[in-house]
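So the chains spell out like this:
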Amino acid sequence: IHYIPNGYLSLQHSDGETVYARHLSSSSRRNFGEILQHKSVTNAFHKQFSSQSKSVEYRSVNFSNLKSQECLRQIKSEALSSSRFSNDMITDISITQEYYRNLLSEKPIPGYIQYFVKDPFIIHLYTKRQIEVMKSLTKSIILHLDATGSIISKPQYCTKPIYYYALTLQHPGYHIIPVAVMISSDHGTAEIPHFPNKSYLNSKIVLHRELFINRVEIDYSWALIHSTCIAFNKMNILGYLESCWSIVNTDQGSPCTLTVIHLCSAHIMHRLSHNLTKTFKIDNKLKQLILHVFVAVLRSITMREIDRIFTLLCIVLSNEYSNEIVSSGLVELNALVTGRVELQQENVE
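Throughout what follows, the structure given in this document is the object of discussion. Along every chain, residues carry numbers that run from 1 in the direction the sequence is written. The predicted origin of the model limits local features to residues at a pLDDT of at least 70 and limits the giving and counting of side-chain atom pairs to 80 or more, whereas totals for whole chains, interfaces and linings rest on all residues. Calculation of side-chain values draws on the structure's entire complement of heavy atoms; hydrogens and water are dropped beforehand.

1. Considerations on the overall build of the protein chain
Secondary structure elements are taken from DSSP: a helix is a run of H or I of four residues or more, a strand is a run of E of two residues or more, and numbering for both begins at the N terminus. Assigned secondary structure in the protein chain consists of 13 helices and 11 strands. The proportion of buried residues among the 349 residues of the protein chain is 32%. Considering only residue pairs separated by 6 or more positions, the protein chain has 57% of its internal contacts joining residues 24 or more positions apart. Note on areas: Shrake-Rupley with a 1.4 Å probe; residue coverage comes only from the protein chains shown. Accessible surface, the protein chain: about 22300 Å² in total, of which carbon and sulfur atoms supply 54%. The buried label applies to any residue whose accessible area, calculated with a 1.4 Å probe on protein chains only, is under 20% of its type's maximum; exposed applies above 50%, and partly exposed to all values in between. Contact criterion: two residues are considered in contact whenever any of their non-hydrogen atoms come within 4.5 Å of each other.

2. A closer look at the sheet that holds strand β11 (residues 260–263)
Two strands in a sheet stick together by hydrogen bonds in their backbones, pointing the same way (parallel) or opposite ways (antiparallel). Here, a strand pair is defined by DSSP locating no fewer than two bridges between the strands. Pairing is mixed in the open sheet, where 7 strands are placed in the order β5-β6-β9-β8-β7-β10-β11. Two strands bound the open sheet, and with one partner strand each, they are β5 (113–117) and β11. Within this sheet the neighbouring strands show an average axis-to-axis angle of 20 degrees, counted without direction. Two elements, strand β10 (residues 215–218) and β11, share 4 bridges in a ladder whose sense is parallel. Within the sheet, the bridge partner assigned to V216 lies in β11 and is I261. All axes here are fitted lines through C-alpha atoms, helices being fitted over the stretch that makes contact, and every angle between N-to-C directions spans 0 to 180 degrees. Strands β7 (142–149), β8 (163–171), β10 and β11 of the sheet are contacted by helix α8 (residues 222–233), whose axis makes an angle of about 160 degrees with β10.

3. A closer look at unusual backbone geometry
Omega for the bond connecting K107 with P108 falls within 30 degrees of zero, at 10 degrees, which places this linkage in the cis form. As for its placement among the helices and strands, P108 is situated in the loop between α5 (89–103) and β5. A cis amide bond links D119 with the next residue in sequence, P120, at an omega value of 0 degrees. Mapped onto the fold, P120 is located in the loop between β5 and β6 (122–125). The phi torsion at K234 lies on the positive side, around 55 degrees, for a residue other than glycine. Positionally, K234 belongs in the loop between α8 and α9 (237–248). Look at K281: it is not a glycine, yet its phi comes out positive at around 50 degrees. Relative to the helices and strands, K281 is located in the loop between α10 (265–279) and α11 (284–299).

4. Focus: helix α7 (residues 194–207)
Take the residue count of a helix, subtract one, and multiply by 1.5 Å to get its expected span. Across its 14 residues, α7 extends 20 Å between first and last C-alpha, which sits within 8% of the 20 Å expected from 1.5 Å per residue. In this fold, the buried residues of α7 make contact with β6, α6 (128–132), β7, β8, β9 (175–184) and α8.

What follows is the structure, given as structure tokens:
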């Protein structure tokens, strides 16, 4: 900035210096977006930059900045979206639902948006083709049910967060494939079971036979645990645990008629580690001992093995002093954790 004796300020750019300018926004951004709908981004960029560099506004650093062609592409995308979609999300969803019903008119499950409720905000998404993928599966059917938050913006009237629920299938030929999706603001055990249950009922209609789901993989979430038990086994968690106890106490040759609810081991270990550190605030060596013993319990396949691990843990931790029983118990406990940690005798004294 140079001062001129007549009282005016002259603002000039020196070579190699960064030129700062305001972002293109408000009405200027909308007007430019309307122009871009009918023009090439590349041509518009060069034409605009050429005209700006010669203007008085550019020399006085008073112009709207167009950083790159990517900026123009973003403006053009915004303009096209505003002309394609309604400002009301509910209207958009209703139009999209009707559109896909006409596009994918295959009976008995036409369309893609199979279920939609405004309040609470709930959408079920799947097609007939996705359900038909399970047609080739005759033996083991393994589903994965997962929930993720903070990826979908919620409607203005909605006060609860929106979660994205994905029901996927472990298929031998395609690895993991999507079966159905639910976007919901209701995360209770009254609504979540409706999602897999409705998908399962539609699968029976499409495939003309009843599928037996061998296992469902879920995160360590009580809402998902309860909901999965209700949806696939038609019982709550207490009834499911009683049935599991009855199965492990019967002959091994008897068939299992339950859908096994399998929790993600990584989530369980993370929750246990967090509780040991934050809630119980135990010593790190003792924490490592508990974590490795817990892994040994997870790998167990018989109740006798689990009972033996628990007995050894009680022997090692409940004795105030080291003796022959504690030493032998520690050796056997080390063997059960398969050498993952070398527990020293002084760690438990």
